[in-house]
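Coordinate inspection notes
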Amino acid sequence: MKALCWQGVNKLGVERVPDPRIQNAHDMIVKVRYTTSCGSDLHLLGGYIPAMEAGDVIGHEFMGEVVEIGPQVTRHQVGDRVVVVSFIGCGTCWYCDNDLWSLCDNTNTNPGITQALWGYEPGGIFGYSHAMGGFMGSHAEYVRVPFADHGAFTVPEQVDDLSAVFASDGVPTGWMGAHLGGVEPGDTVAVWGAGGVGQMAARAATLLGAEQVIVIDRLPERLAMTATHIGAETLDYSRTDVGAELRERTGGRGPDVCIEAVGQEAHTYGPEYLYDKVKQQLRLENDRPPAIREAIMACRKGGSVFSLGVFAGLVDKFPLGALMNKGLTLRGAQQHGQRYLPMLLDRMARGEITTSHLATHIMSLDEGPRGYDIFKNKQDGCVRSVFQP
Ligand SMILES: NC(=O)c1ccc[n+]([C@@H]2O[C@H](COP(=O)([O-])OP(=O)(O)OC[C@H]3O[C@@H](n4cnc5c(N)ncnc54)[C@H](O)[C@@H]3O)[C@@H](O)[C@H]2O)c1
Ligand SMILES: [Zn+2]
Ligand SMILES: [Zn+2]
């Protein structure tokens, strides 16, 4: 089959790879209808995620049609229209039992690398390096879905294919940030990043009862989209001092919950940007963390900060003093989609969460390298390049 493969840092190509086969009784094969690029893919394209190998099929967000099921799959049938969660959970380990699906103890088949980096390994994910299980990704015609009864969800009739693809990752990730970030009715929530993830976090905050939601970015088309489709306030960090502006808009107190949806390649201005860029290039710091630094500084005393943005290693100039002395709670996680999807698909069916506006560019898999180029460089108003294999 045809697939979009990582060929080296900032190099992608469409290759012929073997069709996936059922390997375990609980696997199924999905024929992909839509698969979307994600900010997380930019990190591996840029070479910031370890253990990629030339020829790896990338992509982790997808929906499609079930074409083959293993003998132990009970919740799906050939012909079902499903969306598949990007992280793979076994459904039986302690972590899955406790609804911490992305931390599954059984699905990362190559745990040594992340054990060395982080103490314990997270679960496996489609198309996201050999450090995260080495699973073939979704930018392909077909995908093998392990533990299909847990990771795949039937798409309700009212949700079209294009809308459904974002339920794979962007929608549950945003929801998790607002939920585990502790958003309460009446809160003020600030979200850094107006990409697909930041927009979905902002929408979730509103649905969880936040009174004021402010999304921060510098790309005018994304800020405009966030105002129109998400109904959040926006703040352009290229024009104002974010900390001062947030203080001003919150009566001097600061946001109750700050959600970082930017990740390890955050942009900023001036000496801070240069400092992080140079240290990252020399591999003296793995990630560029200006957005999470700013979130910690801007958060109200006793508030909470949630890192949805992906980080891989060590960062510099981390404001631990602010975290400790202001009594903040800091959390982060890869998404636990299996926990939220039944509820989120219901909300999508009722029109409470809309996603198709994120698909600014829809193209064939053959155009994958170009799709990633415009997504990475934020050209032509691209928010997500979505592929139809
Ligand atoms: N936790 C999870 O499970 C999970 C799932 C999906 C994606 N992610 C991560 O979430 C992050 C966002 O993903 P995305 O698809 O929305 O990516 P994206 O690249 O489309 O969006 C990132 C946005 O951040 C903005 N930005 C850059 N620097 C900023 C700064 N200093 N302040 C405010 N905004 C800034 C960019 O302009 C861009 O609009 C990525 O790091 C991605 O890896 C995490
Ligand atoms: Zn993703
Ligand atoms: Zn598990």
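The structure we're discussing is the one just above.
These notes cover the structure that comes with them.

Reading the values: the criteria
By convention here, each chain's residues receive numbers from 1 onward along its written sequence. Think of it this way: whatever chain is written first is A, whatever ligand is written first is 1, and the rest follow in order. For this predicted model, a pLDDT threshold of at least 70 governs which residues receive local features, and a threshold of 80 or more governs which side-chain atom pairs are given and counted, while totals over whole chains, interfaces and linings are taken from all residues. Note that the side-chain values use all heavy atoms of the structure and ignore hydrogens as well as water. Per the convention used, a helix needs a DSSP run of H or I reaching at least four residues, while a strand needs a run of E reaching at least two, with both numbered from the N terminus. Our radius of gyration looks at C-alpha atoms and nothing else; its globule reference is 2.2 Å times the residue count to the power 0.38. Residue burial is assigned from relative accessible area. The probe radius is 1.4 Å, only protein chains are included, and a residue is buried under 20% of its type maximum, exposed over 50%, and partly exposed in between. Contacts between residues were defined by any pair of non-hydrogen atoms, one from each residue, lying within 4.5 Å. Values of accessible area rely on a 1.4 Å probe in the Shrake-Rupley scheme; residue burial ignores everything except the protein chains shown. In this analysis, rings of Phe, Tyr and Trp, with Trp reduced to its six-membered ring, are considered paired at centre separations within 6.5 Å, and the interplanar angle assigns stacked below 30 degrees, edge-to-face beyond 60, and tilted for intermediate values. By the criterion adopted, a ring carries a charge over it if an Arg CZ or a Lys NZ lies within 6 Å of its centre and within 35 degrees of its normal. Nonpolar core, defined: a set of buried Ala, Val, Leu, Ile, Met, Phe, Trp, Tyr and Cys residues in which side-chain atoms within 4.5 Å join the residues together. Source of the domain bounds: an automatic or database domain assignment. All axes here are fitted lines through C-alpha atoms, helices being fitted over the stretch that makes contact, and every angle between N-to-C directions spans 0 to 180 degrees. Here the word oblique covers every angle except those under 35 degrees (roughly parallel), over 145 (roughly antiparallel) and from 65 to 115 (roughly perpendicular). Residue classes follow a fixed rule: Ala, Val, Leu, Ile, Met, Phe, Trp, Tyr, Cys and Pro count as nonpolar, while Asp, Glu, Lys and Arg count as charged, and any other residue, Gly among them, counts as polar. Nearness of a residue to a molecule or strand requires only that one of the residue's heavy atoms be within 4 Å of it. Pairing of N or O atoms within 3.5 Å defines a polar contact, subject to two protein rules: one partner must be a possible hydrogen donor and the other a possible acceptor, and residues neighboring in sequence count only if both atoms are side-chain atoms. The donor definition counts N, O and S atoms within 2.8 Å of each metal and applies 3.2 Å to Na, K and Ca; water is not among these atoms, so some sites may look incomplete. Site shape is set this way: if four donors have all angles between 85 and 135 degrees, tetrahedral; if opposite donors are over 155 degrees apart and all others between 65 and 115, square planar for four donors and octahedral for six; otherwise irregular. Each pair of strands is called paired provided DSSP finds at least two bridges between the two strands.

**Describing the overall build of the chain**
Counting its regular elements, the chain contains 14 helices and 18 strands. Rg of the C-alpha trace for the chain: 20 Å, near the compact-globule value of 21 Å for 389 residues, within the 12% margin. Counting only C-alpha atoms, the chain reaches 60 × 45 × 45 Å along its principal axes. Within the span of the chain, comprising 389 residues, buried residues form 58% of the whole. Put simply, 71% of the contacts in the chain that link residues at least 6 apart link residues at least 24 apart. Per element, the accessible surface of the chain, about 15,300 Å² overall, is 49% carbon and sulfur.

**Focus: the packing of aromatic side chains**
A ring pair, where both rings are aromatic, is described by two values, the distance of the centres and the angle of the planes. The full count for this structure, using the stated rule, is six aromatic pairs. Taking the centre distance of 5.0 Å and the plane angle of 85° together, the rings of Trp94 and Tyr95 count as edge-to-face. On the basis of relative accessibility, which here comes to 55%, the residue Trp94 falls in the exposed class. Here Tyr95 falls in the partly exposed class, since its relative accessible area comes to 26%. Ring geometry for Tyr372 versus Phe375: centroids 6.5 Å apart, planes at 70°, classification edge-to-face. Of the two residues, Tyr372 and Phe375 both sit in helix α14 (residues 368-376), three residues apart, roughly one turn of that helix. Phe375 shares its class with Tyr372; the two are buried. Here the aromatic residues Phe62, Phe126 and Phe135 are joined through ring pairs into a cluster of three or more. When the ring centre of Phe375 is taken as origin, the NZ or CZ atom of Lys378, which lies over that ring, is 4.5 Å away.

**Re the nonpolar core**
Ranked by size, the top nonpolar core spans 49 residues in total, and within it Val83, Val189, Val191, Ile259 and Leu341 carry the most contacts. The element that contributes the greatest number of residues to this core is helix α7 (residues 196-207), accounting for six residues. Formed jointly, this core draws a minimum of three residues from each of two domains, domain 1 (2-169 + 336-388) and domain 2 (172-332).

**Focus on the packing of helix α6 (residues 170-180) against helix α13 (residues 337-349)**
Direction vectors running N to C along α6 and α13 enclose 105°, while the axes themselves pass 9 Å from each other. When the axes of α6 and α13 are compared, the pair comes out roughly perpendicular. Note on element contacts: α13 touches α6 through Gly337, Arg339, Tyr340, Leu341, Met343, Leu344, Arg347 and Met348, opposite Val171, Pro172, Trp175, Met176, His179 and Leu180. Residue composition of the contact of α6 with α13, grouped by class: ten nonpolar, two polar and two charged.

**What about the site of ligand 1?**
Neighbouring ligand 1 are 32 residues, the closest being Ser40, His43, Asp217, His267 and Gln335. In the model, an oxygen atom of ligand 1 is placed 3.1 Å from a nitrogen or oxygen of the Val197 main chain. Between ligand 1 and the protein, one listed contact pairs an oxygen atom with a side-chain N or O atom of Arg384 at 2.9 Å. Burial of ligand 1 by the surrounding chains reaches 96%, relative to a free accessible area of 860 Å². Those elements that provide at least two residues to the shell around ligand 1 are α1 (39-45), α7 and β12 (212-217). With four residues, the single largest contributor to the shell around ligand 1 is α1. Within the shell around ligand 1, the residues separate by chemical class into 14 nonpolar, twelve polar and six charged. Per-domain counts for the shell around ligand 1 show at least three residues from each of domain 1 (2-169 + 336-388) and domain 2 (172-332).

**What to know about the coordination of the zinc ion (ligand 2)**
Every protein donor of the zinc ion (ligand 2) is accounted for by Cys38 (SG), His60 (NE2), Glu61 (OE) and Asp169 (OD), and the metal-donor separations fall at 2.0 to 2.8 Å. Relative to the metal, the four donor atoms surrounding the zinc ion (ligand 2) lie at angles of 88 to 158°, and the coordination shape comes out irregular. Each donor residue of the zinc ion (ligand 2) belongs to the same chain, and together they define the spacing C-x21-H-E-x107-D. Residue Cys38 is found in the loop between β3 (28-36) and α1, and its partner Asp169 is found in the loop between α5 (161-165) and α6; the two are separated by 131 residues along the sequence. Overall, the relative accessible area of 2% leaves Cys38 in the buried class. Exposure remark for Asp169: the relative accessible area of 6% places this residue in the buried category.

**Comments concerning the sheet that holds strand β16 (residues 329-332)**
Pairing is parallel in the open sheet, where six strands are placed in the order β13-β12-β11-β14-β15-β16. Two strands in the sheet have a free side with no partner beyond their single neighbour: β13 (233-236) and β16. Within this sheet the neighbouring strands show an average axis-to-axis angle of 20°, counted without direction.

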